[in-house]
Amino acid sequence: MGLGEPPARPRAAGWARTAVRRAGYLLATTPGGVSVWTPLHAVDPTGAVVLVVPATDPLVAAVRKTAPDPGCWPGPGLIAMLEAREESPLPLPCPIRARARLEGRLRELPTDAARSGALEIALRRPADELLDLGAGHTALELQVDRVELVVSHPDPNRERPFVVSGPSWAAADPDLLADEESLHLTHLVQVHQPALAMLRWALEPELRRRAGRLAPARLDRHGLELWAATPEGWERARLPFEIPLTSPDQLPGAIHLLLSRAQACCRERLAPRPAEG
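Remember, it's a predicted structure, so these values are computed and weren't measured experimentally.

In this model helix α3 (residues 111-122) runs 16 Å from its N-terminal to its C-terminal C-alpha over 12 residues, within 8% of the 16 Å that 1.5 Å per residue would give. By the burial criterion, the buried members of α3 are Ala114, Gly117, Ala118 and Ile121. Along the long axis of α3, the arc covered by the buried residues comes to 105 degrees, so they all point the same way. Residues of α3 that are exposed and point over 90 degrees away from its buried face: Asp112, Arg115 and Leu119. Among the structural elements, β3 (41-43), β4 (49-54) and β7 (137-151) are those in contact with the buried residues of α3.

Below, the discussion takes up the environment of Glu129. If you trace the backbone, Glu129 turns up in the loop between α3 and β7. Placed 75 residues apart in sequence, Glu129 and Pro54 show a C-alpha to C-alpha distance of 8.5 Å. Apart from the residues lying within four places of it in its own chain, the contact partners of Glu129 are Leu40 and His137.

So, on to the sheet that holds strand β10 (residues 223-230). Spatial strand order, β9-β10-β11: three strands in an open sheet with antiparallel pairing. The sheet is open, and its two edges are formed by β9 (214-220) and β11 (233-240), each paired on a single side. When the angles between neighbouring strand axes are averaged without regard to direction, this sheet yields 25 degrees. Sheet strands in contact with helix α5 (residues 181-191) are β9 and β10, and its direction is about 155 degrees off that of β9.

All right, on to the side chain of Arg99 then. Examined against the element boundaries, Arg99 turns out to sit in strand β6 (residues 96-108). A polar contact of 3.2 Å, which involves the side chain of Arg99, links it to the side chain of Glu159. Look past the residues within four positions of Arg99 in its chain and what remains in contact with it is Glu83, Ala84, Arg85, Glu148, Leu149, Val150, Ser152 and Glu159.

Okay, the pattern of salt bridges next. One pass over the full model with this rule turns up 22 salt bridges. Of the charged contacts in the structure, one is a salt bridge between Arg85 and Glu83, with a shortest N-O distance of 3.2 Å. By relative accessible area, Glu83 is classed as buried at 10%. Residues joined by salt bridges that share partners form a network here, namely Arg22, Glu86, Arg97, Glu181, Arg218, Asp220, Glu225, Arg236 and Arg238.

Helix α1 (residues 12-22) sits mainly inside the fold: 10 of its 11 residues count as buried. Every buried residue of α1 is accounted for by Ala12, Ala13, Gly14, Trp15, Ala16, Arg17, Thr18, Ala19, Val20 and Arg22.

With that settled, the discussion passes to the side chain of His41. Residue position: His41 is located in strand β3. Of note is the side chain of His41, whose polar atom sits 2.9 Å from the backbone oxygen of Ala23.

The buried count for β9 comes to seven of seven residues, which makes it a mostly enclosed element. As paired elements, β9 and β10 share six bridges and run antiparallel to each other. The residue bridging Ala215 from the neighbouring strand is Trp227, located in β10.

Reading guide: rules and limits
- Residues numbered from 1 in each chain as written.
- Predicted model: local features only at pLDDT ≥ 70, side-chain atom pairs only at ≥ 80, totals over all residues.
- Heavy atoms only, no water.
- Helix = DSSP H or I, 4+ residues; strand = E, 2+ residues; numbered from the N terminus.
- Expected span 1.5 Å × (residues − 1).
- Buried < 20%, exposed > 50% of the residue type's maximum accessible area, 1.4 Å probe, protein only.
- Arc of directions from axis to C-beta.
- Contact = heavy atoms within 4.5 Å.
- Pairing = 2+ DSSP bridges.
- Axes fitted to C-alpha atoms, helices over the stretch in contact; angles between N-to-C directions.
- Polar contact = N/O pair within 3.5 Å; in protein donor to acceptor, adjacent residues only side chain to side chain.
- Salt bridge = Lys/Arg side-chain N within 4 Å of Asp/Glu carboxyl O.

So far we have only geometry, and geometry alone does not tell us how the molecule works.
And the structure:
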């Protein structure tokens, strides 16, 4: 089943929104070679990405060169790209699980919009710099025209790129487990190794025969993704939930159903066969 086909997998636009939400830093670059990393970022309700950077950064000066006359905001803006890296909370074959590259035009926000953007950021990343807008720090906004999501693989030849339009990006939401996933995956590995081993029986039979070590790769509202070590290399295995979650509170029950399916498959496989004749 493809990345864009629910319910087994998240859509590419939603995965890209999740990658940006979970990214510790965003890298902003321009065709002219200006770049800056910033941890202060958020996506506003329209899908625009708000960044707060030092007012003295060369990126701010480059954006201001495209500024319109007073009263004519937003103006043309500066062509720019943002890159977000979704990192795994666990030591895995791919420490960076996905990369989202957002293309669009970057503009400086006027005072009221800058304050609203800073509030969006402060909800998840409170920082003193957000109180310094208009003085030592500046709020910029990227209107997203196009997104490329690259799903990582230990073998670069097997990486999977997906292209998302600006409207699809704006209409999507980050996964409802985006803020909690790291905690759940870490708990699964540290506390529930027997349960993780039992999930082997939920794999497709052909992969189950070849799989050695299993490692949880990703958890979202649609299911659990594992890395399976095989003689040919690492392979992804997707274990979908019965139905996509609509609330984080449903996660324990969904995991329990996954384990029940795996246990039923194990019992069926290991049950004694009646003697022939």
